[in-house]
Amino acid sequence: MRILEDNPHAVFDCPVSGRSVAWAEKDVFNPGAAVHDDRVCLLVRGEDTIGRYAGTSRIGLATSADGVNFELEPEPVLSPGDDEWQSWEWPGGLEDPRVVQAPDGRFVCTYTAFDGKVGCLFVATSRDLRRWTKHGPAFLDTAYVRLPTKAGSVLTELRDGRLVAARIDGRFWMYWGEGTIFAATSEDLVRWTPVEADIAPDRYLTWDPTRTGPMGHWGRGAVPGLMGLRPLAGPRRLRFDSILTEPGPPAILTEKGVLLIYNGANHPLQGDADTPAFAYQPGQILFDSVEPTAVIGRLAQPFIRIDPAEAQGQVGNVCFAQGLVAFKGQWRLYLGLADSRIGMATAPI
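This structure is a prediction, so every number in the text was calculated from the model and none was measured.

Attention now moves to the overall build of the protein chain. Along the backbone of the protein chain there are one helix and 28 strands. For a compact globule of 349 residues, the expected C-alpha radius of gyration is about 20 Å, and the protein chain comes in at 19 Å, within 12% of that figure. In terms of overall dimensions, the protein chain has a C-alpha envelope of 50 × 45 × 45 Å along the principal axes. Classification of the 349 residues of the protein chain by burial places 58% in the buried group. Sequence separation of at least 24 residues holds for 55% of the intrachain contacts in the protein chain that already meet a minimum separation of 6. If you sum the accessible surface of the protein chain, you get close to 14,300 Å²; carbon and sulfur atoms cover 49% of it. When the 34 basic and 43 acidic side-chain charges of the protein chain are each reduced to a single mean position, those positions are 3 Å apart.

In structure tokens form, the structure reads like this:
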């Protein structure tokens, strides 16, 4: 179901460029989702038509009383500004928000700050989803602060009908990464520490986007600077996720384990022959609830497949799961479609 798309009428005065910008004119996609004041609230990624990187990205707020019919507010709520993080966020912008509610009621947003060269996982917090405080890189106080990082999926649990950030063994957990899925822990949901390997990193096969050869993107200790991390899950040959795996919406602590919805992309030569080359589709991984870095189950096939009617757009054949809420007796999963618009899928709770 398609629910939201580009909006040329959403205009604001950009504090960095000094000009009036239709910030969602080209595309609206890849939303994070939360429930606030009995409304579904989407933090959406909007792109203008100006920047050299397919347009500068900003994050806006769309709300709905029924979870289907959304109204996009005219100004972005998170965007590059005249602040200490401008050099990290400009000119590429702020991409792919995910949002969770903390036990104390705050909302925590993870997003990718893109300076045009490197994407870095950032954190911001808010009480009302409109006024945000940027805290900068999630891994600010670690050796990984300047390395490519993205896609922060914070662990949650269903509490009194809503998803709330959850602790395991006294710590908050987050799955993150593009290519290979990694983990990190936190005491406050703002500063995060990546989970590092407990064996020599050259024992692992890790994903390297620069690598070529008979193993494709796989090599031992492949990603410079990320070699010390503990890889949890990665691409699988001849599957729909044969190029990369990337965390989707917030993970959920269940009676059977930690359920992570993730997005997989298909290799044109070593992937699923029945799936279009480079297509993105969502899958599911189950981690152990006592040791949340241990995989105990994984679907062989995507649980949502690309609708051919929605396959065309800025980037074709992309069905990207990123926002999830419990609302009115249903799970509502919000999807980026072809990097151009937003769709939704539902399931009973």
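Another aspect to go through is the layout of surface pockets. For the second largest pocket, the calculated volume is near 290 Å³. For the lining of the second largest pocket, the secondary structure elements donating two or more residues are β23 (258–265), β27 (330–337) and β28 (341–348).

With that out of the way, let us pick up the confidence of the model for the protein chain. Across the protein chain, the average pLDDT comes to 91, with 92% of residues at 70 or higher. With pLDDT under 50 throughout, residues 209–224 is counted as low confidence; its partners more than four residues away or in other chains account for 37 contacts.

Looking at where Lys134 falls in the secondary structure, it is placed in strand β11 (residues 132–137). Beyond its immediate chain neighbours, meaning those up to four positions away, Lys134 contacts Leu78, Ser79, Pro80, Gly81, Asp83, Trp85, Glu89, Tyr111, Val123 and Ala124. At a separation of 2.8 Å, a polar atom in the side chain of Lys134 contacts the main-chain carbonyl oxygen of Ser79. Here Asp83 takes part through its side chain, which lies 3.1 Å from a polar atom of the side chain of Lys134.

Below, the discussion takes up empty space enclosed by the protein. Remark: the empty space left among the atoms is shown by a probe the size of a water molecule rolled over them. Overall, the coordinates contain three cavities of 30 Å³ or more when judged by the stated rule. One number sums up the size of the largest cavity: a volume of about 130 Å³. For the largest cavity, the lining is made up of 15 residues, of which Ala33, Ala34, Val35, Leu163 and Val325 are closest to its centre. For the lining of the largest cavity, the elements supplying multiple residues, two or more each, are β4 (27–36), β8 (93–101), β14 (162–165) and β26 (319–327). Of the residues contributing to the lining of the largest cavity, the split by class is 11 nonpolar, three polar and one charged.

Read across the sheet, four strands follow the order β1-β28-β27-β26 without closing on themselves; strand pairing throughout is antiparallel. With partners counted over all chains shown, the strands left at the sheet margins are β1 (2–4) and β26, one partner each. Averaged over all pairs of adjacent strands, the angle between strand axes in this sheet comes to 35 degrees, irrespective of strand direction. Looking at chain direction, β27 and β28 are connected through eight bridges and run antiparallel. Across the sheet, the residue bridging to Gly336 is Ile342, located in β28.

So, about the packing of aromatic side chains. According to the stated counting rule, one finds 10 aromatic pairs in the structure shown. Look at Tyr175 and Phe287: their rings are 4.6 Å apart centre to centre, the planes differ by 20 degrees, and that puts the pair in the stacked class. Here the residue Tyr175 occupies a position in strand β16 (residues 171–176), and Phe287 occupies one in strand β24 (residues 280–287), the gap between them amounting to 112 residues. By relative accessible area, Tyr175 is classed as buried at 1%. Look at Phe287 and you get buried, because its relative accessible area is 0%. Where Trp176 meets Phe182, the ring centres are 5.1 Å apart and the plane angle is 35 degrees; that geometry is what we call tilted.

Glancing now at the pairing of strand β21 (residues 244–247). Here β21 shows a buried face lined by Leu244 and Glu246 and a second buried face lined by Thr245 and Pro247. As paired strands, β21 and β23 are joined by four bridges and run antiparallel to one another. When the bridges of β23 are listed, Leu244 appears paired with Ala265.

This part is about the state of the cysteines. Evaluation of the coordinates by the stated rule reveals zero disulfides. The thiol of Cys109 is unpaired, and the distance to the nearest cysteine sulfur, on Cys41, comes to 13 Å. Exposure remark for Cys109: the relative accessible area of 0% places this residue in the buried category.

What counts as what
- Residues numbered from 1 in each chain as written.
- Predicted model: local features only at pLDDT ≥ 70, side-chain atom pairs only at ≥ 80, totals over all residues.
- Heavy atoms only, no water.
- Helix = DSSP H or I, 4+ residues; strand = E, 2+ residues; numbered from the N terminus.
- Rg over C-alpha atoms; globule rule 2.2 N^0.38 Å.
- Buried < 20%, exposed > 50% of the residue type's maximum accessible area, 1.4 Å probe, protein only.
- Contact = heavy atoms within 4.5 Å.
- Areas by Shrake-Rupley, 256 points an atom, 1.4 Å probe, with all protein chains shown as cover.
- Lys, Arg positive; Asp, Glu negative; His and termini not counted.
- Charge placed at Lys NZ, Arg CZ, Asp CG, Glu CD.
- 1 Å grid on protein atoms, 1.4 Å probe; cavity = no way out; pocket = protein on both sides within 12 Å on 5 of 7 lines; lining within 4 Å.
- Points joined across faces, edges and corners; volume = space filled by probe spheres on them.
- pLDDT = per-residue confidence, 0-100.
- Polar contact = N/O pair within 3.5 Å; in protein donor to acceptor, adjacent residues only side chain to side chain.
- Nonpolar A, V, L, I, M, F, W, Y, C, P; charged D, E, K, R; others polar.
- Pairing = 2+ DSSP bridges.
- Axes fitted to C-alpha atoms, helices over the stretch in contact; angles between N-to-C directions.
- Phe/Tyr/Trp six-rings, centres within 6.5 Å; stacked < 30°, edge-to-face > 60°.
- Disulfide = S-S within 2.5 Å.

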